[in-house]
Amino acid sequence: MKFKTLTIFFILLYFPLVFTTYGQKTGSSFVKPKRIIIASDDNYPPYIFRDEKGNLRGILIDMWELWQKKTGTNVEWKATFWNEAIEIMKSGNADILETVFYTEERDQWLSFSKPYAKIPAPVYVHRTLKGIAEPPLLKGFTVGAKKGDASIEMLNRLGVKDIIIFPNYESIIKNAANGNLKIFTIDEPPALYYIYKYNLEKEFRQIGPIYTGAFHRAVLKGNEDLLAFVENGFELISESEKEKVIDKWTGKPLLTPMYSKYIIGTSIIILLAISLLIIFNHLLRKQIRIKTIELKKALDNLKQAEARWKFALEGTEQGVWDWNLETNKVNYSTKWKRMLGYEEDEISDSFGEWESRVHPDDLQNAWKDIRRHLNGETEIYGNEHRLRCKGGNYIWILDRGKVIEFKNNGEPLRMIGTHTDITYRKLNEQKLLKQEAIYRFLFEHNPAPMLIYERVTFNILAVNEAFCMEFDFSTDEVLKMKLTDLCIEEEKRILVDRASRLNGYAFTGEWHHLNKKGKIITVLSHSHDIEFEGKNARVLALTDITYLKTIEKELIEAKNKAEESDRFKTSFLANMSHEIRTPMNAILGFMELLKNPELLQAEKENYIQIIEESGKRLLTTINDIIEISKIETGLVEVERKPENLNKIIQLNIDLFKPLIDAKGLELKLNLNVDKELDNAMTDRFKFESIITNLLSNAVKFTRVGFIEVGYYRSKNSLILYVKDTGKGIPPEKLETIFEPFYQAEMNFSREHEGSGLGLTISKAYAEMLDGTIRVESELNKGSIFWFSMPLVLSQTENVTIEKKEEKIYSNHLIKPGKIIIADDHKASRLLLETILKPLGLQCINAPDGKKVLEILETEPDISLILIDIKMPIMDGYETVKKIREINKNIPIIAQTAYAFPSDRDKAIHSGCNDYISKPVIRDELIRLIYKYLSVKRI
């Protein structure tokens, strides 16, 4: 750079020129701004980048600081990802767009300054990828590029479709360093910076460039006066100031100031001499130009040859050697050395490195072939010999070479060649002779059917004993046949076409072959090219898979069923999560709202009602889950008792009538009342559950029209049906709606709430009652569900069904006393205490069974114990057993969230007098307390 400055100085002395300050005149309306905002990439070293503290650094930052001092206008940077910088400019939130390349698309909305830096954009390819020497060869590969770069458009023009877009250059290099990216294109300045930063200079090679662009500054169309103002400001920066900034970020020339005075004097003398030679130089220029063209062409050819040679060295899997016969020095390639187990610096460049490693038995023959080639007897030198590796073992090498340079007297001067590891091939050759006999034996005595056929004619040339036994042919019969004679007629053409395309080892596929009796057998075939008795042939091995195909079909059906069941379960679990969380959300949400002291009484009552309804919905869902669990584990028992079926059906219809009326639906009844149904044997809970589920579904899925309920007696069966005009069920789902985990609406846009277990439970209950449920449906027209069960009449008196009336208890009937409430959950203890205190009972809390026993020792007058089953330290079962060892008479009531019948039985068996399940219902609890503590038991 110093030389450039001095040269310009002396040219100005010798050839005076008058320079005028360049300044583009702006329009008369232009007003000098106090501040301009610059949008730019912040990841383009050395022009602009962020240091470790996040501060903007680089050539452009220093240049604009100089511009700011020259113009008096402040500069504000908005440096970010390049694509974001473009969006900032488009939105009008910046005045200047820096580091922008000119494209036709950008020219539609931007005005550009003159270019101030040429920027090539090479392509970087991982050294393990061979055969990519120029950008057009990138087609079909995955290439990384920065979002917003013009390189993306260039890649598209080259036909590259698989482009991975990154937000900035450093993210591209990081992915390359992690091995996630093998090819990428980056502008050269930041590429060199980051490639060396991440030590990738030995991992990637450069091709291209894919294009060469130039840095411009740009403004939005219509702001050309601002652009002229900016350019004028940069003209005010001197060349020495610019050079100082460039030197700071790109390095200074190795020229010290102490030599400057000598250079100035010498330069004046040289300059005078140069002026005397100008005329002579002019005469020589023409000849030099001609020679230069010729030299450039030769240099280009040399570079191309060198590039091809380098590509060959990098891409080959062979070791390369270059032998100077005059100096006896040999340049061994890295691959040559590593083939023997050595690193780069472990082998010198002497000819003896090779000679000393050749197996003694092979050295003489190797030298013989070398001399023959050096004497001109062979066009190519070639020899197979063994070389000793670093570990002391030998490998077989195919050594090939050729003299490429001669002395003036015609003697060989330079010879190059390659080493190829053929150990595997040599070992195979040695094994072939031994294996041939083995293979023939295996072919003839193999339990798998095998044959050999000629490729061209398909004539069968050989067959083993197993084949003849499998297909019921004799050897002579098979040898007179063609391969196609063993195949069914429909597959002969396919067999011929496929066999004609096979090469080497191949899986031929599944075929249907015929035995001698015409029976079709499914076989799996594998084949391989061989030479048999001088003919181009293939050996074919067959496996009878007829039985396996049958099993495969069954497995596929089972797999499909299992996958469908898994999808059902997934949908079911998602629905259960919704059905549990939705009411829980309402419960917790409105309880939080109840904390507001400013709530009106009407609002409080409304919130409490919502909480109560949500709790009931949550409890219904949990009960459904528990019930289906009991059904699947076989814990449900049938308890048939005399019941009034007419009354039960009517009560359930009355229960749903308000819901039907609220939806504006018509209720049609077809009730053939039979007096004998007033006294029939059934399990009322299960019978009512079936009716309730069928009515609930009808109301839920019907928007307009009617719901019809009917029942009648048919011989010794009761037939009940529920018909609706709802949305109906698709035909393909009629068989599966009763399956566990299945719902007709198996998606997240279901219109209706509910666990979706109603029909599954109903079907199970119907079967427990020795009955059936079936459905008829037409999409968008409605459905009808039929329930039938055997009718068994009771021999007892008629049963009447009365509505339960709430019994009112008075606290003056309670015996005064103390109650132990044992529960590890504080809130549960508080709830029970709150219910029981108004009854005049003193409540003592115990968080575990051990505490219960301690209380009994100090409080002998305990009247009753409410005990949870699941507690820490000592659970309810163990605690009750210990209490019964010391007190047989004290009433103990188990209160627990375990709700299976077996849990109740286990509690009673452990010594409890009674059982109540959570959530505890106030009236049910009070009824139990009165049962054991009333003045007169009820």
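For the structure itself, consult the block above.
All of these numbers come straight from a predicted model, not from anything done at the bench.

Draft legend 1. Molecular detail of the pairing of strand β9 (residues 143-146). Neither face of β9 is left uncovered, since the one carrying Val143 and Ala145 and the one carrying Gly144 and Lys146 both have all their residues buried. Pairing between β9 and strand β10 (residues 163-166): four bridges, direction parallel. Its bridge partner being in β10, Gly144 is matched across the sheet by Ile164. In terms of handedness, the path from β9 via helix α4 (residues 150-157) over to β10 forms a crossover that is right-handed.

Draft legend 2. Summary view of the sheet that holds strand β24 (residues 666-671). Strand order across the open sheet formed by five strands is β24-β26-β27-β29-β28, with mixed pairing between neighbours. Whereas interior strands pair on both sides, the edge strands pair on one side only; in this sheet they are β24 and β28 (772-778). Strand-to-strand twist of the sheet, defined as the mean angle between neighbouring strand axes without regard to direction, takes the value 10°. The strands touched by helix α19 (residues 645-662) within the sheet are β24, β26 (706-714), β27 (717-724) and β29 (782-790), with β24 carrying the most contacts at an inclination of about 170°.

Draft legend 3. Spotlight on the pattern of salt bridges. This model, assessed by the stated rule, comprises 45 salt bridges. In this structure, Glu241 engages Lys70 in a salt bridge whose closest nitrogen and oxygen atoms are separated by 3.3 Å. Here the residue Glu241 occupies a position in helix α8 (residues 239-250), and Lys70 occupies one in helix α2 (residues 59-71), the gap between them amounting to 171 residues. A residue is classified by how much of its surface remains accessible, and Glu241, at 24% relative accessible area, is partly exposed. The exposure class of Lys70 is partly exposed, given its relative accessible area of 36%.

Draft legend 4. View of the sheet that holds strand β32 (residues 862-867). Ordered in space as β31-β30-β32-β33-β34, the five strands form an open sheet in which the pairing is parallel. What marks the edges here is a single partner per strand, and that holds for β31 (841-846) and β34 (914-917). On average, each strand axis in the sheet is inclined to that of its neighbour by 25°, with strand direction left out of account. Those strands touched by helix α26 (residues 922-933) are β30 (817-822), β31, β32, β33 (892-896) and β34, and its axis lies near 165° from that of β34.

Each value, and the rule that gives it
Residues numbered from 1 in each chain as written. Predicted model: local features only at pLDDT ≥ 70, side-chain atom pairs only at ≥ 80, totals over all residues. Heavy atoms only, no water. Buried < 20%, exposed > 50% of the residue type's maximum accessible area, 1.4 Å probe, protein only. Helix = DSSP H or I, 4+ residues; strand = E, 2+ residues; numbered from the N terminus. Pairing = 2+ DSSP bridges. Right-handed = clockwise from strand over helix to strand, strands pointing away. Axes fitted to C-alpha atoms, helices over the stretch in contact; angles between N-to-C directions. Contact = heavy atoms within 4.5 Å. Salt bridge = Lys/Arg side-chain N within 4 Å of Asp/Glu carboxyl O.

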